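Fold and geometry: a report
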Amino acid sequence: MGGTGKTTWLTRDSVRSATDSCHVLFVSAEDGEEDYQAKIFNELFTTGRQNSPSLDPATVAGRIHVLNLKGVGFKLVTELDSCLVPSKDATRLAEYIQLRFPKVRVVIFETLS
């Protein structure tokens, strides 16, 4: 369901978390890094700056990361005995995130099945 403001809310929340020194990772199979950079820029220079004038955009942006899985064909869940369970891809992804993004404390999954 598009157009309901999910990404706007998630972007705003990620900026708020990054302002509090938390590293955030967006995992998406739809939007690329440039798309998120634009969304974060817009948030930093509109709502973010109004709510926190001392905000350093470069520092905050450096705490928000993007992992683009577009075209990878990743499945996070699989069915086992009529139940959905984490797939092997999900386990590999979790291990990769821990190695590649060790400072990340919040992971946001968008548009993955």
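Residues numbered from 1 in each chain as written. Predicted model: local features only at pLDDT ≥ 70, side-chain atom pairs only at ≥ 80, totals over all residues. Heavy atoms only, no water.

This next bit is on unusual backbone geometry. Positive phi is not limited to glycine here, since Asp 81 has a value of about 55°. By the element assignment, Asp 81 lies in the loop between β3 (77-80) and β4 (83-86). Accessibility expressed as a relative area gives 69% for Asp 81, which makes it exposed. Despite not being glycine, Ser 82 has its phi angle at roughly 65°, a positive value. Structurally, the position occupied by Ser 82 is in the loop between β3 and β4. We classify Ser 82 as exposed; its relative accessible area is 69%. (Helix = DSSP H or I, 4+ residues; strand = E, 2+ residues; numbered from the N terminus. Buried < 20%, exposed > 50% of the residue type's maximum accessible area, 1.4 Å probe, protein only.)

On to the pattern of salt bridges. Within the structure shown, the criterion is met by 4 salt bridges. Close ionic contact of Arg 16 with Asp 13 constitutes a salt bridge, the shortest N to O distance being 3.1 Å. Taken together, the residues span about one helical turn, with Arg 16 and Asp 13 both in helix α1 (residues 6-19) at a distance of 3 residues. Overall, the relative accessible area of 46% leaves Arg 16 in the partly exposed class. Judged by relative accessible area, Asp 13 falls into the partly exposed class, the value being 26%. Of the charged contacts, one joins Lys 39 and Asp 31 as a salt bridge, the two residues approaching to 2.7 Å between their closest N and O atoms. (Salt bridge = Lys/Arg side-chain N within 4 Å of Asp/Glu carboxyl O.)

Moving on, we come to the environment of Arg 105. As for its position among the elements, Arg 105 is in strand β5 (residues 104-110). You can call Arg 105 exposed: its relative accessible area is 61%. Once the C-alpha coordinates of Arg 105 and Leu 25 are considered, the two residues, 80 residues apart in sequence, prove to be 8.1 Å apart. In contact with Arg 105, other than residues within four places in its own chain, are Cys 22 and His 23. A polar side-chain atom of Arg 105 sits 3.1 Å from the main-chain carbonyl oxygen of Pro 102. (Contact = heavy atoms within 4.5 Å. Polar contact = N/O pair within 3.5 Å; in protein donor to acceptor, adjacent residues only side chain to side chain.)

Let us look at helix α4 (residues 88-100). The end-to-end C-alpha distance of α4, which contains 13 residues, comes to 18 Å, matching closely the 18 Å that a straight helix rising 1.5 Å per residue would cover. All of the buried residues in α4 are Asp 89, Ala 90, Leu 93 and Ile 97. Down the axis, α4 shows its buried residues gathered within 95° of arc, on one side only. α4 presents Lys 88, Gln 98 and Leu 99 as exposed residues on the side facing more than 90 degrees away from its buried surface. On its buried face, α4 sits against β1 (23-28), β2 (64-68), β4 and β5. Two or three places before Asp 89, at the opening of α4, Ser 87 has a side-chain oxygen 3.2 Å from that residue's backbone nitrogen. (Expected span 1.5 Å × (residues − 1). Arc of directions from axis to C-beta.)

In short, shape yes, function no, at least from these values alone.
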